[in-house]
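Here are the chains, one letter per residue:
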Amino acid sequence: MKVIDKIRAAESTNQILFSFEFFPPKTDDGVDNLFERMDRMVSHNPAFCDITWGAGGSTADLTLDIANKMQNMVCVETMMHLTCTNMPVEKIDHALETIKGNGIQNVLALRGDPPHGQDKFVVVEGGFACALDLGKHIRKQYGDYFGITVAGYPEAHPDVIGSDGVATLEGYASDLAYLKSKVDAGADLIVTQLFYDTDIFLKFVNDCRQIGIACPIVPGIMPINNYKGFIRMTGFCKTKIPAEIRAALEPIKDNDEAVRAYGIHLGTEMCKKIMANGIKQLHLYTLNMEKSALAILMNLGLIEETKVRRSLPWRPPTNVNRVKEDVRPIFWANRPKSYISRTLGWDKYPSGRWGDSRNPSYGAVTDYQFMRPRSCSKKLHEEWVEPLKSAEDIYEFMRPRSRNKKLHEEWVVPLKSVEDIYEKFNKYCLGRLKSNPWSELDGLQPETKIINEKLAGINLKGFLTINSQPAVNGESSDSPVVGWGGPGGYVYQKAYLEFFCSKDKLKALIEKSKTFPSLTYIAISKDGSLISNAGSSHVNAVTWGVFPAKEIIQPTVVDPASFLVWKDEAFEIWSKSWALLYPEGDPSRKLLEEVQSSYSLVSLVDNDYIHGDLFAIFADL
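Keep in mind the model is a prediction, meaning the values are calculated, not measured.

Another point: the packing of helix α19 (residues 560-578) against helix α20 (residues 587-598). Running from amino to carboxyl end, α19 crosses α20 at an angle of 165°, the nearest separation of the two axes being 8 Å. Taken together, α19 and α20 sit at an angle that is classed as roughly antiparallel. Seen along the crossing, α19 lies across α20 with a hand that is left-handed. Contacts from Phe-571, Glu-572, Trp-574, Ser-575 and Trp-578 in α19 reach Leu-592, Val-595 and Gln-596 in α20. Split by residue class, the contact of α19 with α20 holds five nonpolar, two polar and one charged.

Shown next as structure tokens:
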């Protein structure tokens, strides 16, 4: 979706929008950390996030890769910077075709800074001289597909600002006229350079309106995180520092914590003043740091640390080709990136109802769906660091080494018996472990904590849970634990469990289920032996919501056909995400492989979401 369309829609409801900017880190670990941080920040529902291109086009390939993952794996509306520096038109079109193919619709068109080591911008042969020419090219070649954003400079472009730190009246007026020409050529949104004098920004907005610039103008806010960085950035951008800010910073400039606290206070007050003057959008330059940006938004009441609003139980896609998708099988609830990577090739995504999942083909389960031991990292770098071209490439990119390290720390211990395995699952359910081989998510989800002690109990009995949800009967859609879908609605869930267990325990469970008529189950072994009391084509809605002036939404289902696809991935996790973390020949590795080959995977639903008790069947087992 184009950002301008989001802004227009928000204007009709007087909603305040916010967004974040990131830049490509220099190291692989930095990229991993960025995605973890980005994932947390995106949970607060920014209107969009943008990723910079890098000085002189130095990060072009990495920017393209990160933008792709942002749009398709992090699932945030993504705006990619694109500059003219060192970019002949062939490279520009390659970048635009790439992001269009990845479902991205937003571009920030910039001239760009001179390459490293050069003082002045030089037009590359076959390239463009300025953002105006770049914007014209995008509109001419791609019509209305892209939303084009351009930069605005409240104090004038740094090239126009003189040695005294101020642009002349003629220089400022010329810069405004150039900005209008960019808008007239097809730009539909302006995001400003950083500033610290709010009055200068408000004057800039008024001056733009006076010369006929009518599009939204979004203020760029850069929180002060440390003094040296602040001085360096304002010097580079020739940004005015008001005397009162200098005075406030001078006595605390060597105290990073105090500087950061002041930066949060200043950013909050700036935004309050901006919002009081009718501006409904805020763009935060994060410098890849989350605390200050989120603190400012919390101070403004735009987000709550403990309350994250969800439009669906899972993060909705932003790829333009699958934005209508609103139904998924529950099996991948804890592995959403894996699900996305395995469904990238679908021509059509379920909307309204799941339908027949046998029509689209899931991508094959591959090594890319699983963690690799950290000891392999050097070999992986030698063999796998190359351009990313496929769904598998995307998933590989999104599996941070930090999570792999956490699995090592928490799950690689001597396992002498299956009871030791039971204990690991038990500790995870009690929140004593933060990682889990079967989950891409960080720790227990809020709704799991409703039933975590019951989950822990059945894990000690040998029912090793990897997915679950409690029963919910008409909870408010605003509930901080189980709510989703927006205000004024009510949400419902059938209790669900998914677990591994031995064949003997499965036999006892199935026998006992005969006295629980509201339960439906599907059980399958690694070799594909299936037992079920549900029809093979019976799709069971296990989550739904009722909202004002809408049809009932049912975003999560148990689909038997998809379960047969999921089971291969679920079983492979035993070996490729856990057992392989042990040395070859290690007794613990052998034990895990024995469990993998002998246990069954079970999906269990209690269809009585009002009076049912899914855990009752495990009593005395």
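On to the side chain of Asn-467, then. On the secondary structure map, Asn-467 appears in strand β10 (residues 464-469). With relative accessibility at 6%, the residue Asn-467 sits in the buried group. A polar contact of 2.8 Å, which involves the side chain of Asn-467, links it to the backbone oxygen of Ile-330.

Okay, α19 next. Under the 1.5 Å per step criterion, the end-to-end length of α19 is 26 Å for 19 residues, consistent within 8% with the ideal 27 Å. At Glu-572, α19 shows its maximal bend, which comes to roughly 40°. Most of α19 sits inside the fold, with 15 of its 19 residues counted as buried.

Let's shift gears to the pairing of strand β7 (residues 217-221). With respect to burial, β7 is a largely interior element, five of its five residues being buried. By the alternation rule, side chains of β7 split into Ile-217, Pro-219 and Ile-221 and Val-218 and Gly-220, which are all buried. Where strand β6 (residues 189-194) lies against β7, three bridges are found, and the strand directions are parallel. Bridged to Leu-194 within β7 is Gly-220.

This next bit is on the sheet that holds strand β12 (residues 490-493). The five strands are arranged β9-β17-β16-β12-β11 in an open sheet whose pairing can be described as mixed. The open sheet has two edge strands, β9 (328-329) and β11 (472-476), and neither has a second partner. Direction of pairing for strand β16 (residues 540-546) relative to strand β17 (residues 553-558): antiparallel, over a ladder of four bridges. Directly across from Asn-540, in β17, lies its bridge partner Val-558.

Residues Phe-20, Met-80, Leu-82, Leu-96 and Tyr-196 are the most contacted members of the largest nonpolar core, which totals 100 residues. If we skip the residues at most four places from it in the chain, Phe-20 touches Met-41, Pro-46, Phe-48, Cys-49, Asp-50, His-283, Leu-284, Thr-286, Ala-293, Leu-294 and Leu-297. Of all hydrophobic cores here, the second largest spans 44 residues; its members include Val-327, Ile-421, Tyr-428 and Trp-578.

So, on to the pattern of salt bridges. Applying the stated criterion across every chain, the model contains 24 salt bridges. Ionic pairing is found between Arg-111 and Asp-159, a salt bridge with its closest N-O pair at 3.2 Å. Highlighted residues: Arg-111 in the loop between β4 (106-110) and α5 (131-142) and Asp-159 in the loop between β5 (147-152) and α6 (169-184), separated in sequence by 48 residues. Overall, the relative accessible area of 23% leaves Arg-111 in the partly exposed class. The closest approach of N and O atoms between Arg-139 and Asp-188, which form a salt bridge, is 3.4 Å. One end of the pair, Arg-139, is in helix α5; the other, Asp-188, is in the loop between α6 and β6, with 49 residues separating them in the sequence. Arg-139 sits in the buried class, given a relative accessible area of 18%. A residue is classified by how much of its surface remains accessible, and Asp-188, at 16% relative accessible area, is buried. Connected via shared salt-bridge partners are Arg-37, Arg-40 and Glu-290.

Looking at the secondary structure, you find Tyr-349 in the loop between α12 (336-343) and α13 (377-384). Given the relative accessible area of 10%, Tyr-349 is considered buried. For Tyr-349, the residues in contact, after removing those within four places along its chain, are Asn-321, Arg-322, Glu-325, Thr-343 and Leu-344. At a separation of 2.7 Å, a polar atom in the side chain of Tyr-349 contacts the main-chain carbonyl oxygen of Thr-343. Polar contacts involving the side chain of Tyr-349 include one to the main-chain carbonyl oxygen of Leu-344, which spans 3.2 Å.

This part covers the pairing of strand β8 (residues 281-285). Along β8, five of the five residues are buried, which leaves the element largely enclosed by surrounding structure. The two faces of β8 match: Gln-281, His-283 and Tyr-285 on one face and Leu-282 and Leu-284 on the other face are all buried. With five bridges connecting them, strand β1 (residues 17-22) and β8 associate as parallel partners. Bridged to Phe-20 within β8 is Leu-284. As judged from the two bridges shared by β7 and β8, these two strands associate in the parallel manner. Its bridge partner being in β8, Ile-221 is matched across the sheet by Leu-284.

Conventions adopted
- Residues numbered from 1 in each chain as written.
- Predicted model: local features only at pLDDT ≥ 70, side-chain atom pairs only at ≥ 80, totals over all residues.
- Heavy atoms only, no water.
- Axes fitted to C-alpha atoms, helices over the stretch in contact; angles between N-to-C directions.
- Helix = DSSP H or I, 4+ residues; strand = E, 2+ residues; numbered from the N terminus.
- Parallel < 35°, antiparallel > 145°, perpendicular 65-115°, else oblique.
- Left-handed = near helix turned anticlockwise from the far one by under 90°.
- Contact = heavy atoms within 4.5 Å.
- Nonpolar A, V, L, I, M, F, W, Y, C, P; charged D, E, K, R; others polar.
- Buried < 20%, exposed > 50% of the residue type's maximum accessible area, 1.4 Å probe, protein only.
- Polar contact = N/O pair within 3.5 Å; in protein donor to acceptor, adjacent residues only side chain to side chain.
- Expected span 1.5 Å × (residues − 1).
- Bend = angle between axes of the 7 residues up to and from the residue.
- Pairing = 2+ DSSP bridges.
- Core = buried A, V, L, I, M, F, W, Y, C linked by side-chain atoms within 4.5 Å.
- Salt bridge = Lys/Arg side-chain N within 4 Å of Asp/Glu carboxyl O.

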